[in-house]
Amino acid sequence: MSGKADPRQAGNGSTSRARLDRGRGALGPALELVHTGRAPTRAVLTAELGVTRATAGAVAAELEALGLIRVDARPGAAAGSQGRPSHKLAVADDGPVALAAQVHSDGFRAALVGLGGRIVATAPGCEVVDADPAKVLASVVAAGAELLRETGLRCVGAGLAVPSAVAEPGGLALNPLHLAWPAGAPVRDIFAEQVRAAGLEGPAFAANDVNLAALAEHRHGAGRGSRDLLCVATGHRGVGGALVLDGRLHRGSSGLALEVGHLTVHPEGRPCHCGSRGCLDVETDPLAFLTEAGREPGPEVSLLQQSIDLIRHHYDDPGVRTAAEALIDRLGLGLAGLVNILNPDRIILGGLHRTLLDADPGRLRAVVADRSLWGQSGGVPILPCTLDHNSLVGAAELAWQPVLDDPLGALTAQG
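This one's a predicted model, so the numbers in the text were calculated from it and none came from an experiment.

Draft legend 1. Up close: the nonpolar core. The biggest cluster of nonpolar side chains holds 36 residues, and the ones touching the most others in it are Val232, Phe289, Leu335, Ile347, Leu349 and Leu364. Put simply, the parts of the chain that give this core at least two residues each are strand E10 (228-234), helix H9 (286-292), helix H10 (303-314), helix H11 (318-342), strand E13 (346-351), helix H12 (352-359) and helix H13 (361-371). Here the element with the most residues in this core is H11; it accounts for nine residues. When near neighbours in sequence (up to four residues on either side) are disregarded, Ile347 contacts Leu230, Leu335, Val339, Val380, Pro381, Ile382 and Leu383. Counting 35 residues, the second largest nonpolar core, distinct from the first, contains Ala98, Val156, Leu212 and Ala399.

See the structure below:
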């Protein structure tokens, strides 16, 4: 056999490389389309990117070579469909992961999250939060590092969700009221230091937990397809809000936008940590519900879980129903004010608010429609969040973002 190269093979290789070079800038957009489930096939990817089939094929092949997605070897078509079958695309089951961490008043949790918002592994949550953020973050990073050792998966970076406004550019937790952490704690720097100390690769990020819940729901949950998405949620303590505009979190000038917990919804209500009275933060969170229902909080499970269990299993109790209706009315008043200001095309509710919506969706929607300027013309869809651990998934989204922006560059930089 001659050792001379086949010119047809050389030409095909050059052509393929040229296609990939032309499509290099499409790697990030292509990965995001697969990541968010908007490109289930190569045909859809081609159409969404606005490139040729050959270029889309080269881009998909490169993402597969990076270990980020999986391309079915054989194209398939749905029953009854017409046209040429297309290769199915999916995120790689054994691909890299991001370390996600969440801290709240009742503990913390670490997880590994892959592309597509898939939670690959979680560490048991701790139920005691030290007043020193460095100790807490060292523990949660250690738990995540152990998960990485156990799974042997590659880490692209780390993200942290905290129940506090996080000011930019310093990454400072301005009001971690329910954690007993000092105001202005540099949580992002502390977290990044612990990530480096654990020998983990990739950048580290930190942000408000409800902001991250909204980001996760917009990409993978109840917020998919929304352009102006409002998220309001109460977790273990307090109330937070977030706004996603054109696929990006609206952070404001310094990361402090949408502090909705301090909207007044009951002027003669409970004193709030901010100095006012009757804020959403203290009128519609789990402690407010338990107090309204005349129940003494117990130490067995979190306040959030106690509240959810009470509504789900004892809603026929007059005291529980009356308490729930009071919170629904106050929440509806707050949502109506936000609708008047923001004009969102969708509202999603998380935590206890999701449970209140499930308990009496008609009442909440009626309050919002009655109190908002635009409610009478059809109203704004109000939906429950659908991801079980959306703040964790959102924390991972922070770490995945550099890869989504530049897959080849981000993964090559890490070696």
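Draft legend 2. Seen up close, the sheet that holds strand E4 (residues 107-113). Spatially, five strands are ordered E5-E4-E3-E6-E9 in an open sheet, and the strand pairing comes out mixed. At either end of the open sheet lies a strand with only one pairing partner, and these are strand E5 (119-122) and strand E9 (204-208). In this sheet, neighbouring strand axes are inclined to one another by 25° on average, regardless of whether the strands run parallel or antiparallel. Inspection of the sheet shows E4 paired to E5 by three bridges, in the antiparallel sense.

Draft legend 3. How the structure looks around the packing of H11 against H12. Interaxial distance between H11 and H12 falls to 10 Å at its minimum, and their mutual angle equals 110°. Classed by the angle they form, the pair H11 and H12 counts as roughly perpendicular. Each of Ala324, Leu327, Ile328 and Leu331 in H11 lies in contact with H12, whose residues at this interface are Leu352, His353 and Leu356. In terms of residue class, the contact of H11 with H12 is built from six nonpolar, one polar and no charged.

Draft legend 4. How the structure looks around the sheet that holds E13. Strand order across the open sheet formed by five strands is E12-E11-E10-E13-E14, with mixed pairing between neighbours. Edge positions in the open sheet fall to strand E12 (248-249) and strand E14 (382-384), since each of these has one partner strand only. With respect to the sheet, H11 is in contact with E10, strand E11 (240-245) and E13, its orientation differing from that of E10 by roughly 155°.

Draft legend 5. Structural detail: the state of the cysteines. Counted by the stated rule, this structure contains zero disulfides. Cysteine Cys274 shares no disulfide, and the gap to the nearest cysteine sulfur, in Cys272, comes to 3.7 Å. Cysteine Cys279 is unpaired, with the sulfur of Cys272 as its nearest cysteine sulfur at 3.8 Å. Here Cys279 falls in the buried class, since its relative accessible area comes to 0%.

Draft legend 6. The domain arrangement of the chain, seen in detail. Once the domains are mapped, the chain shows domain 1 (29-72 + 87-92), domain 2 (97-211 + 391-407) and domain 3 (222-386). Distance from the C-alpha centre of domain 2 to the C-alpha centre of domain 3: 25 Å. When the two sides are added together, the surface that domain 2 and domain 3 hide from each other amounts to roughly 1400 Å², 55% of it contributed by carbon and sulfur. Its largest share of buried area at the contact with domain 3, domain 2 owes to His178, Val210 and Asn211, together 41% of the area lost on that side. The interface formed by domain 2 and domain 3 holds zero salt bridges in total. Taken together, the connections running from domain 2 to domain 3 amount to two residue pairs in polar contact (both at pLDDT 80 or more). Of all elements in the fold, only strand E7 (166-167), helix H7 (209-220) and helix H14 (390-405) reach the threshold of two or more residues within the side of domain 2 that touches domain 3.

Draft legend 7. Geometry of the pattern of salt bridges. Under the criterion given, the structure shown has 14 salt bridges. Taking the shortest distance from any N to any O, the salt bridge between Arg188 and Glu168 comes out at 2.7 Å. Highlighted residues: Arg188 in helix H6 (residues 187-197) and Glu168 in the loop between E7 and strand E8 (172-173), separated in sequence by 20 residues. Classification of Arg188 as buried rests on a relative accessible area of 19%. Note that Glu283 and Arg330 form a salt bridge whose closest N and O atoms lie 2.9 Å from each other. In this pair, Glu283 sits in helix H8 (residues 280-283) while Arg330 sits in helix H11, placing the two residues 47 residues apart along the sequence.

Parameters at a glance
Residues numbered from 1 in each chain as written. Predicted model: local features only at pLDDT ≥ 70, side-chain atom pairs only at ≥ 80, totals over all residues. Heavy atoms only, no water. Core = buried A, V, L, I, M, F, W, Y, C linked by side-chain atoms within 4.5 Å. Buried < 20%, exposed > 50% of the residue type's maximum accessible area, 1.4 Å probe, protein only. Helix = DSSP H or I, 4+ residues; strand = E, 2+ residues; numbered from the N terminus. Contact = heavy atoms within 4.5 Å. Pairing = 2+ DSSP bridges. Axes fitted to C-alpha atoms, helices over the stretch in contact; angles between N-to-C directions. Parallel < 35°, antiparallel > 145°, perpendicular 65-115°, else oblique. Nonpolar A, V, L, I, M, F, W, Y, C, P; charged D, E, K, R; others polar. Disulfide = S-S within 2.5 Å. Domains from an automatic or database assignment. Buried area = accessible area lost by both parts, 1.4 Å probe. Salt bridge = Lys/Arg side-chain N within 4 Å of Asp/Glu carboxyl O. Polar contact = N/O pair within 3.5 Å; in protein donor to acceptor, adjacent residues only side chain to side chain.

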